[in-house]
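# Analysis of the macromolecular model
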Amino acid sequence: MKKQTIWILTVIMAMSLIGLLFMMVFYMHDIVRMRYDQFAQTVRQSLVAVSLQLSHDETQRFLQEDVDNLESSSIYRQYLGDATPQLGGVRYSFTTSSGLEADLTIKGAPSAISNLEGAPAVFGRSSGTATYRQPVRVKFNEQYMQQKNLIDNVILDIISKSSSRPITERADSATVYRYLRQELDTLGLKVPFEFAVVNRAGVPVYSTEGFRTTAADEDNMFVQPLFPQDGAGKIFYLKVYFPTKKDFVYSSMPFLWPAFILTIILLVVFVFTIVTAFRQKKLTEMKNDFINNMTHEFKTPISSISLAAQMLNDQSVRKSPMMLQQISNVINDETKRLRFQVEKVLQMSMFEGRKSTLKIEDVDANVIIYNIVNTFKLKVEKYGGHLTANLDAMDAIVEVDEMHFTNVIFNLLDNAVKYRREDTPLELTVTSRDLPDERLEITVADNGIGISREDQKRIFEKFFRVSTGNRHDVKGFGLGLAYVKKMVGELGGTITVESQLNHGTKFIIIIPLSKN
């Protein structure tokens, strides 16, 4: 698949997932907000019901007292009648123009009783009805106003007496809790709560043990005035706090979190898939680069060996011992070169997927490095460079496989020669020094082309080559540093790199000393 196609699919899938995630978050936000609004509305409805219930209880208490006093009044008896008390009626005694005395009881609502004009005659005959109806209506209006004033006085008396009572008597904590619990349960809010009754200044008159007043809890606090008819100066407030409000709201939406988690999982899988696709694409490019380099590296020695074999078919060449010796040397050198390339390819395959089989023994790292430097010095000087060894470690006995340890140092030195700068003589330095905690530090530093910060993160990957692509001016398969990283780890050490473009590179190896 082409890289452009992968990018197009990535953009389409990314936009789709981002849109889906945005819609999911927006939808969840609306649902949560709606649930919070429903919770708040239900709580306010419950608090209003509690306030009204407390007011009703207090009014009923005072009315019971005043009704007992009212029953003994003459006006009340006139309304109810002496012999048979009946609410809703008015009894009158009057004398007609002919001297007839009579008692009249009129039943019904005040509005119906006062509107007597146009009603049938009160005594069953039509003559003289206007003379009798007018005094009845006037007398009723007078007594109705007296009763209305009496009721107003009773109401004012209730207000004045109730507001002077202590709030702890008017709304004791047990009653408030019972009403709150009852109203909340009725409306489906079976959640724990804490409450307090406070004055205008916010000072609690009494509160439950778990009631909080911190600013952080204001979102979970609801306030309702108690007995608002008392006037602004005497009003007390009921504050209710719900410590588990958030948990209750989210528990009422069991689908919310699974949907959100599934969306996140889908997003993670998408990102992982895209990253894997690009890695596979990059790996394919590196393998193609490896195959091209391998073909080039193998082609040269094979061509040389083939040419030498053709020369051996020449009779004149076979008759010359000097030519035979020269051809023999060429075949031998090219065979070694070919074998070396094959071994480099097999270096990583022998460690892939399983633990390496190492021949661990105690060796002196300074001695091994010194021998490698003496052998490698000629190659460095061939390119006009200089190789220096500063082996300052006093204790350099390490437990390693001598062959692989030698290959590690050799590969680092070989890379320094490959990635030298053409305009500057190569300066290559190998050092060793003691570290605390029984460790040995070995560094290989050069003044070559350096490695960019981006490439430093990948130089230890298989088949990766720094800024070479399919060019063959720098030979290799991209396996050297991968082998070094793998081998140092097998020996119980670590390797890091410090580099700057056009200033050189330094590899730092730290391995533990021998316990013996």
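As shown above, the structure is provided for reference.
In this report, we go over the structure that sits alongside the text. In this text, all values refer to a predicted model and were calculated from it rather than measured experimentally. (Residues numbered from 1 in each chain as written. Predicted model: local features only at pLDDT ≥ 70, side-chain atom pairs only at ≥ 80, totals over all residues. Heavy atoms only, no water.)

We now examine the packing of helix α11 (residues 365–382) against helix α12 (residues 402–418). Where α11 contacts α12, the two axes come as close as 10 Å, and the packing angle between them is 35°. Every pair of crossing elements has a handedness; the one defined by α11 and α12 is right-handed. In this structure, α11 contributes Ala365, Ile368, Ile372, Phe376, Lys379 and Val380 to the contact, and α12 contributes Glu402, Phe405, Thr406, Ile409, Phe410, Leu413, Asp414 and Val417. By residue class, the composition of the contact of α11 with α12 is 10 nonpolar, one polar and three charged. (Axes fitted to C-alpha atoms, helices over the stretch in contact; angles between N-to-C directions. Helix = DSSP H or I, 4+ residues; strand = E, 2+ residues; numbered from the N terminus. Left-handed = near helix turned anticlockwise from the far one by under 90°. Contact = heavy atoms within 4.5 Å. Nonpolar A, V, L, I, M, F, W, Y, C, P; charged D, E, K, R; others polar.)

Taken together, the side chains of Trp257, Ile261, Leu262, Ile265 and Val269 define a hydrophobic patch exposed on the protein surface, amounting to about 500 Å² of accessible area. Residue placement: Ile265 occurs in helix α8 (residues 256–312). (Patch = residues over 30% accessible without salt bridge, like charges linked within 9 Å, V, L, I, M, F, W, Y side chains within 5 Å. Areas by Shrake-Rupley, 256 points an atom, 1.4 Å probe, with all protein chains shown as cover. Salt bridge = Lys/Arg side-chain N within 4 Å of Asp/Glu carboxyl O.)

Below, the discussion takes up the packing of aromatic side chains. Applying the stated rule across the entire model yields 11 aromatic pairs. Taken together, the aromatic side chains of Phe39, Tyr177, Phe193, Phe195, Tyr206, Phe222, Phe242 and Phe248 make up a single cluster linked through ring pairs. The ring centre of Phe227 lies 4.0 Å from the NZ or CZ of Arg170, which sits over that ring. (Phe/Tyr/Trp six-rings, centres within 6.5 Å; stacked < 30°, edge-to-face > 60°. Lys NZ or Arg CZ within 6 Å of the ring centre and 35° of its normal.)

Helix length check: helix α6 (residues 173–186) (14 residues) gives 20 Å between terminal C-alpha atoms against 20 Å at 1.5 Å per residue, within 8%. Listed in full, the buried residues belonging to α6 are Thr175, Val176, Tyr179, Leu180, Arg181 and Leu184. Gly188, located one to two residues past α6, shows a positive phi value of around 90°. (Expected span 1.5 Å × (residues − 1). Buried < 20%, exposed > 50% of the residue type's maximum accessible area, 1.4 Å probe, protein only.)

A few words now on the nonpolar core. In this structure, Phe405, Leu413, Leu440, Ile459 and Ile509 are the most contacted members of the largest nonpolar core, which totals 44 residues. Looking at this core, the elements that each hand over two or more residues are α11, β9 (397–401), α12, β10 (427–435), β11 (439–446), α14 (480–490), β12 (494–500) and β13 (504–512). Excluding anything up to four places from it in sequence, Leu413 contacts Ile372, Phe376, Leu387, Leu428, Val430 and Val444. Core analysis: the next-biggest nonpolar cluster, separate from the first, contains 24 residues, Tyr179, Leu184, Leu189 and Phe222 among them. (Core = buried A, V, L, I, M, F, W, Y, C linked by side-chain atoms within 4.5 Å.)

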